[in-house]
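The primary structure of each chain is shown beneath.
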Amino acid sequence: MMMELTTPKKLPASVGKWGMILTAVGVIMGGAAFAVDPHRAFFGYLWMYMFLVSIGVGSLALVALEYLVGANWSTPFRRVPEFLAGIILLLVILVIPLLFGMHDLFHWTHAEAVAEDPILKSKEPYLNTTFFIARTGVILLIWLIFYYLFTRNSRKQDISKDPALTASSIKYSAIFAILFILTISFTAIDWMMSLEPHWFSTMFGVYYFAGTLVAAISISAFISVSLNEGGFFGFKVDDEKYYSFGTLMFAFNVFWTYIGFSQYMLIWYADIPEETFWFMNRMEGSWVYFSIGLLFVHFIIPFLMLLPRSSKVNPNLILYMSAWLIYAHAYDLYWIIMPTYFKDGFVFSWNELGFLVLAFGIIALVFNYMASRFNIVPVGDPKLQRGLYFHLN
Amino acid sequence: MIKKIVNFFREYNSRNDEERRTDRLYAVSAIFDTPNEIMAAASEVSGRGYKKFDAYTPYPVHRLDQAMGIKYPLVGPIAFTGGITGLFLALLMMWWMGSKDYPNIIGGKPFFSLPPSIPITFEGTILLTGFATVVGMLILLNKLPKINSPISDTEFMKRVSSDKFGIVIAADDRMFSETQVTELFRSLGASRIENIYYKPSNLTDKTPIFNRKFIMTLIGVAAIAAIVTYFTLNIVLYQVVPFDWMWKQARINAQSESLFFANKSGMREPVAGTVARGFMPYEYKGLPDSAVRLLANPLPVSKNVIEKGQEKYNIYCSPCHGYFGDGDGRLNDQFPKPPSLHNSKVLNWKDGNIYHVITNGQNVMPSYEGQISRDDRWAIVHYVRVLQRAKNAKDQDLPK
């Protein structure tokens, strides 16, 4: 039995159009935010940057994951995370403004403050501008290299249909699995944990890691389900295939909760001021409502919604909940980053909103660009047919 | 013995196996070779309107429930209810233990708070979810008290529990007709069609779970399992690290020898001058004169105090000194006899002197400082005075 693939439909022009509009609005709003208050704008910009890292690098991790575990069900949709991983190309440019904002973002870049502070002084061998930029560069380079390796193999296979390419991607993904964990942990520590340079949590890296996977699988689910329902793949698989998206969203999200809670509980239990203050900052003033909100937005609501089996094969629910979880991840990043700037309480205004708009504009543009240039289905992948006929039994 | 047991089971099983079937039809069964066939067959059978039918697979086949037309699989809600119950019970338990039953301040934390309760709550949720699922499935869905279905011990059951897929349409279905059902199965491509008849025991034995032999077997198995478990865990494994339940530890037990210390005693003595909490060392050790001069009985002479003194005297002093202080204790000369406490010397002693003897000891009489509390010692002194007074009563003491 072979499923005939018809030529995929072109993405509707509205995707590109909306990408342009969102990007333009985002650039204007972001620019205005920088004009009004650059210090504040850098935090909003960092928020956007981390969100794009989650989606871009997380998507690349999903691609690697498919190779690594030999999954079939996701092969027909694999181009979605592959396209999204293209965001990595832009990260290299997007990071540049942040390097100019380091003084605004990071207390530990203030030489006079470090000189008076024995703790910062002792952290200086790690937390110093040169090493920081070098790390960022190396990490971006690793991401670029693996993005290149995976997409090159995958695109070559469209024409050659050579199974050896899959084998080589499996090797790369074994390496990338380790490098992904390391690079994403260091990224979390450098760009977010060091916002409060006195604070440390050994679980912080894995906390962000869990969040990136939630964001990446959710956006992949959202786009794959939309495209499949709209018949843009040139094949149409039944709702049964959504079950894996639903399960993975559920699983990654519960994993995030597990890590988030473990981090909180250990610090709560030990009750040592040098660790608790990070949470105290998020429990004071109006931040406390935002923190409690995180519990509902990122755990309780998606948990209950995704729990029944029926909701994991319901296209509308998958669409709705994947959008919800993307929102939840943005919420989570806001919760991590912004209290360092808004010390007195929760604030969210157009200054920040602009950057979120810009993030979605960039995502739409990257996806649209990739979809216009490359096959939206990995037509040469030997696992494709198995994926199309995938049954859970 | 073991042979007997094995034979019993063998006989029991074969008797069941060979049980002659009655000629009353229970159902028609069909066997299919692939999961796709069973899916198609299930949806066809339910599409035709049959209600009393069931499908059997050697492993879970997803979506079979939907193909069979089961709209609401009950297992989900049962599991969820169990989970929610577990969640609230665990929270209730944590709250009750921590703040009602045994409130203890630990690390300055409140008696009850959420963070440390979450792991327990999580476990309680999972535990009751599991219980509810298994018990609910066995009893509600698999109708547990009935263990003797006509389907068991058939060729059909043997096949579907190893590598085939089967469907059974019960004869008491509204639409059932033997020829039609057989025809339907044939048209669906069944590889084997078989009529299943009732066993005689199905028709007589209403609740075979209460069958005497079954209950005895159950008890037998439980007993054997318990004994085997007990011996493995407590006797056999107990000898082996790390299953010895920390019985063997790298530490020195009380009262045991240790070559590590110069005096070869495993127990250490407190640093010289150490004073235990709530304890005052005796100031007049070896200084009877100062004790006599400076000590006065701080306790009032009251019924309570005298009774306390009597109690303690009878416990601690009477074995040697006798109940009335005559020096005629119950030790039968295993210990030097003490003098009478009614001699003129002790009669003329001040309270402090008696107290000093109790606390400090005198010659062969040991010190009771460690056994008897300060107040009790003074109470004894009062009681000794009572004894002395009673022994030396005068005529005019008697009431007229």
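Note that the structure is predicted; figures quoted are calculated from it, not measured.

Engineer: Hey, could you run me through the overall build of chain B in this one?
Structural biologist: What chain B contains, in helices and strands, is 14 helices and four strands. For 400 residues, the compact-globule formula gives about 21 Å, and the C-alpha radius of gyration of chain B, at 42 Å, lies well above that figure. Residue burial in chain B is summarised as follows: out of 400 residues, 29% are buried. As presented, chain B carries roughly 26800 Å² of accessible surface, and 61% of it is formed by carbon and sulfur atoms. Within chain B, one finds 47 positive and 37 negative side-chain charges whose respective centroids are separated by 4 Å.

Engineer: I keep staring at the nonpolar core and nothing clicks. Help me out?
Structural biologist: Of all hydrophobic cores here, the largest spans 122 residues; its most connected members are Leu91(A), Trp143(A), Met192(A) and Ile337(A). Take this core: its biggest share by element is 20 residues, from helix H2 (residues 38-69) of chain A. Leaving out residues up to four positions away in the same chain, Ile337(A) has contacts with Phe43(A), Leu46(A), Trp47(A), Met50(A), Met192(A) and Leu195(A). One finds Ile358(B), Tyr368(B), Ala379(B) and Val381(B) within the second-largest nonpolar core, a separate group that totals 25 residues.

Engineer: Sorry, what's going on with the sheet that holds strand S3 (residues 165-170) of chain B here?
Structural biologist: Within a sheet, each strand pairs with its neighbour through backbone hydrogen bonds, oriented either parallel or antiparallel. All names here are of chain B. The antiparallel open sheet is built from four strands, whose spatial order is S2-S3-S1-S4. Only two strands of the sheet have a single partner each, and these edge strands are strand S2 (53-56) and strand S4 (192-197). Taking each pair of neighbouring strands and ignoring which way they run, the sheet shows an average axis angle of 20°. Strand direction decides the pairing type here: strand S1 (residues 25-32) and S4, joined by six bridges, are antiparallel. In the strand pairing of S4, Ser29 is matched with Glu194. Helix-sheet contacts for helix H2 (residues 35-47) involve S1, S2 and S3, and the interaxial angle to S3 is about 15°. Sitting on the sheet, helix H7 (residues 178-188) touches S1, S3 and S4, and the angle it makes with S1 is about 5°.

Engineer: Mind showing me how you'd approach the side chain of Asp376(B) here?
Structural biologist: Its location among the elements puts Asp376(B) in helix H14 (residues 374-391). Take Asp376(B): its relative accessible area is 14%, and that puts it in the buried class.

Engineer: Got a minute to help me understand unusual backbone geometry in this structure?
Structural biologist: Unlike most non-glycine residues, Asp271(A) shows phi in positive territory, near 60°. As for its position among the elements, Asp271(A) is in the loop between helix H11 (242-270) and helix H12 (273-281). Here the phi dihedral of Asp153(B) falls at roughly 60°; this positive angle occurs in a residue that is not glycine. Tracing the backbone through its elements, the reader meets Asp153(B) in the loop between helix H5 (114-141) and helix H6 (155-160).

Engineer: For this particular structure, what's the right way to read H7(B)?
Structural biologist: Residue and element names in this part refer to chain B. If you check which residues of H7 are buried, you get Val181, Thr182, Leu184 and Phe185. All buried residues of H7 lie within an arc of 160° about the axis, which places them on one face of the element. Counted as exposed and oriented over 90 degrees from the buried face of H7: Thr179, Arg186 and Ser187. Contact partners of the buried residues in H7: S1, H2, S3 and S4. Immediately downstream of H7, the backbone of Gly189 shows phi near 90°, a positive value.

Engineer: It is not clear to me how the confidence of the model for chain B should be interpreted in this structure. Could you clarify?
Structural biologist: Interpretation of the predicted coordinates at a detailed level should be avoided for regions scoring low in pLDDT. Looking at chain B, the pLDDT average stands at 86 and 96% of residues meet or exceed 70. At the level of chain-chain contacts, confidence expressed as ipTM amounts to 0.81, with global pTM at 0.70.

Engineer: What exactly am I supposed to notice about the pairing of S2(B) here?
Structural biologist: Residue and element names in this part refer to chain B. Of the two faces of S2, the one holding Phe53 and Ala55 is buried and the one holding Asp54 and Tyr56 is not buried anywhere. Bridge analysis of S2 against S3 gives four bridges, and the strand direction is antiparallel. Bridge assignment links Tyr56 to a residue of S3, and that residue is Gly166.

Engineer: Would you take a moment to explain the packing of helix H11 (residues 303-321) of chain B against H14(B) for this structure?
Structural biologist: Helix-helix packing: each pair is described by the crossing angle between the helix axes and the interaxial distance. Residues and elements named next belong to chain B. Two elements in contact, H11 and H14, have axes separated by 7 Å at closest approach and are oriented at 90°. The angle between H11 and H14 places the two elements in the roughly perpendicular class. Each of Val305, Ile306, Lys308, Gly309, Gln310, Lys312, Tyr313 and Cys317 in H11 lies in contact with H14, whose residues at this interface are Asp376, Ala379, Ile380, His382, Tyr383, Val384, Val386 and Leu387. Across the contact of H11 with H14, the residue classes break down as 10 nonpolar, three polar and three charged.

Engineer: Sorry if this is basic, but what is going on with the interface of chain B and chain A here?
Structural biologist: Where the parts come together, the accessible area they lose is often given as the size of the interface. In this complex, chain B contributes 13 residues to the contact, which on the side of chain A involves 13 residues. For the pairing of chain B and chain A, the buried interface totals around 1200 Å² over both sides, and the portion due to carbon and sulfur atoms is 67%. Three residues, His62(B), Arg63(B) and Lys109(B), lead the burial of chain B against chain A; their summed loss comes to 45% of the area buried on that side. The tally of links from chain B across to chain A stands at one residue pair in polar contact (both at pLDDT 80 or more). Looking at the side of chain B that touches chain A, the element that brings in the most residues is H5(B), giving four residues. Across the side of chain B that touches chain A, the residue classes tally to eight nonpolar, three polar and two charged.

Engineer: Explain empty space enclosed by the protein here, please?
Structural biologist: All names here are of chain A. Enumeration over the complete set of coordinates arrives at two cavities of 30 Å³ or more. There is about 70 Å³ of room inside the largest cavity. Of the residues belonging to the lining of the largest cavity, the class tally is six nonpolar, three polar and two charged. In this structure, the second largest cavity encloses a volume near 50 Å³. What lines the second largest cavity is Tyr49, Thr136, Ile139, Leu140, Trp143, Thr187, Asp190 and Trp191. Among the secondary structure elements, those contributing two or more residues to the lining of the second largest cavity are helix H8 (129-160) and helix H9 (163-191). If you tally residues by element for the lining of the second largest cavity, the top one is H8, at four residues. Considering only residue class, the lining of the second largest cavity consists of five nonpolar, two polar and one charged.

Procedures and definitions
Residues numbered from 1 in each chain as written. Chains lettered and ligands numbered in written order. Predicted model: local features only at pLDDT ≥ 70, side-chain atom pairs only at ≥ 80, totals over all residues. Heavy atoms only, no water. Helix = DSSP H or I, 4+ residues; strand = E, 2+ residues; numbered from the N terminus. Rg over C-alpha atoms; globule rule 2.2 N^0.38 Å. Buried < 20%, exposed > 50% of the residue type's maximum accessible area, 1.4 Å probe, protein only. Areas by Shrake-Rupley, 256 points an atom, 1.4 Å probe, with all protein chains shown as cover. Lys, Arg positive; Asp, Glu negative; His and termini not counted. Charge placed at Lys NZ, Arg CZ, Asp CG, Glu CD. Core = buried A, V, L, I, M, F, W, Y, C linked by side-chain atoms within 4.5 Å. Contact = heavy atoms within 4.5 Å. Pairing = 2+ DSSP bridges. Axes fitted to C-alpha atoms, helices over the stretch in contact; angles between N-to-C directions. Arc of directions from axis to C-beta. pLDDT = per-residue confidence, 0-100. Parallel < 35°, antiparallel > 145°, perpendicular 65-115°, else oblique. Nonpolar A, V, L, I, M, F, W, Y, C, P; charged D, E, K, R; others polar. Buried area = accessible area lost by both parts, 1.4 Å probe. Polar contact = N/O pair within 3.5 Å; in protein donor to acceptor, adjacent residues only side chain to side chain. 1 Å grid on protein atoms, 1.4 Å probe; cavity = no way out; pocket = protein on both sides within 12 Å on 5 of 7 lines; lining within 4 Å. Points joined across faces, edges and corners; volume = space filled by probe spheres on them.

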